[in-house]
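Working through the structure, step by step
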Amino acid sequence: MATIKPFSCVRPKAETASRVAALPYDVYNRKEAKEEVMREPLSFLKIDRPETAFDDSVDMYAPEVYEKARELLQKDIQDGVYERDEEAVYYIYELVMDGRSQTGLVACASIEDYENQVIKKHENTREDKEVDRITHVDTCGAQTGPIFLAYRSEQVINDIVERVKKESPLYDFTAVDGITHRVFRVGRADDVEAIRKAFSQIDRIYIADGHHRAASAVKVGIKRRNANPAHTGAEEYNFFLSVLFPHDQLMIMDYNRTVKDLNGLTAEEFLNRVQENFDVQKSDVPVRPASKGQMGMYMEKQWYSLTAKNKLFEGKDAVGKLDVSILQEYLLAPVLGIGDPRTDSRIDFIGGIRGLSELEKRADEDMKVSFSMYPTSIIELFDVADQNLLMPPKSTWFEPKLRSGLFIHEIG
């Protein structure tokens, strides 16, 4: 059963929260990160990406770069940009995008639950991507980017969240990208205990987004556990910063594909091959798939609607039934020759937030054919994780992104 505990949070003061809150560190390249920190000097990105304080000639993974992150964090705390809540509580984090709200609970999840697979994964992680965050967390002595977790909706928790949301928020601001962020404090002892107890009855929590951040936090905790002869299990390094959302609050966006060429086929030959496994219809308008098994395809200024034939789904496990798997197995691999989409330079992936026009643009300019996908559902994600399987690459795109810097969990 899940251990989801309250914590003493380091967080920005109300007057600085909107300036501190930053998109995740990995959505920027080095140049973009430096430009953002120059635009907003209080942005938490300067701590998440401390190489922005150095000339580009400095290795962004050098020890002094991580030490700069620790130095900047401690300086901002001392300067009063942040404050520390001494009492261990939960927080509520609401994000609103395009009029749609999703609300999660900010808390600390257990490393032991991660190890025992109470917290379920659906992606593999790469060690090279982990090392950076391991060093960052270990040097700063703090977790600064929350892990995006999901769970099957629980009414007891929902009721408390809705009641607390009627109180005055700690923060209420709209960021430059139009996303509104509201944060509330769950301070009543009976509410804290009720939430803790409710999660203790939940046997499965799912990583929706942030697999590398989760793996890194866990490895730092294990390192500190092994180095502490007086280890009890109650130390803060045994837990990692998370925002937990009920499944019915979440929307996964489409994650689309575009391919550089037709693998030596003419357009006519290509369409004939596609029709072996898909029903193909021309469309006068861009195709945004309306249901599972439907895909859009854009090539040579023409949109097509593709519908996967029923036989393609027969006898498949949770991964095999995903639309991204059907496209890969029956079109990208056999027709276009994309054997491994993780390494093949002929394929690129476009998050649904970019819109269908981006698929047209790429196919008209530097690629040849684009595919619009029906979004993977949160229940499909749960099914994959429950069967201890792994999603294909680029299967899910979550929006809006959780901001870093609003919640900091010190691990000592």
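We now turn to the structure provided with this report. (Residues numbered from 1 in each chain as written. Predicted model: local features only at pLDDT ≥ 70, side-chain atom pairs only at ≥ 80, totals over all residues. Heavy atoms only, no water.)

**Concerning unusual backbone geometry**
Residue Pro400 is reached from Glu399 by a cis peptide bond, and omega for that bond is -5 degrees. Among the structural elements, Pro400 can be located in the loop between β20 (397-398) and β21 (409-410). Phi at Gln117 takes a positive value of approximately 65 degrees, unusual for a residue other than glycine. Backbone geometry places Lys301, a non-glycine residue, at a positive phi of 70 degrees. One can find Lys301 in the loop between β16 (294-299) and β17 (302-308). Lys301 gets classed as exposed once you look at its relative accessible area, which sits at 63%. (Helix = DSSP H or I, 4+ residues; strand = E, 2+ residues; numbered from the N terminus. Buried < 20%, exposed > 50% of the residue type's maximum accessible area, 1.4 Å probe, protein only.)

**With respect to the sheet that holds strand β19 (residues 369-372)**
Read across the open sheet, the six strands follow the order β15-β17-β16-β19-β14-β18; overall the sheet is antiparallel. The outermost strands of the open sheet, each flanked by one partner alone, are β15 (278-283) and β18 (347-351). With strand direction ignored, the average angle separating the axes of adjacent strands in the sheet is 25 degrees. As paired strands, β16 and β19 are joined by four bridges and run antiparallel to one another. From the neighbouring strand, Met299 faces β19, where its bridge partner is Val369. Set on the sheet, helix α10 (residues 267-274) makes contact with β15, β16, β17 and β19; between it and β16 the angle comes to about 175 degrees. Each of β14 (255-259), β15, β16, β17, β18 and β19 is contacted by helix α11 (residues 323-332), which is oriented at about 50 degrees to β16, the strand it contacts most. (Pairing = 2+ DSSP bridges. Axes fitted to C-alpha atoms, helices over the stretch in contact; angles between N-to-C directions. Contact = heavy atoms within 4.5 Å.)

**What about the pattern of salt bridges?**
Scanning the model with the defined rule gives 45 salt bridges in all. Note that Glu115 and Arg225 form a salt bridge whose closest N and O atoms lie 3.1 Å from each other. Taken together, the residues span a long stretch of sequence, with Glu115 in helix α5 (residues 111-115) and Arg225 in helix α9 (residues 211-227) at a distance of 110 residues. What makes Arg225 partly exposed here is its relative accessible area of 23%. A salt bridge links Glu130 to Lys219, with the nearest nitrogen and oxygen atoms 2.5 Å apart. Here the residue Glu130 occupies a position in helix α6 (residues 127-140), and Lys219 occupies one in helix α9, the gap between them amounting to 89 residues. Under the relative-accessibility criterion, Lys219 is labelled partly exposed at 40%. Through salt bridges with shared partners, one network takes in Glu94, Glu162, Lys165, Asp172 and Arg182. (Salt bridge = Lys/Arg side-chain N within 4 Å of Asp/Glu carboxyl O.)

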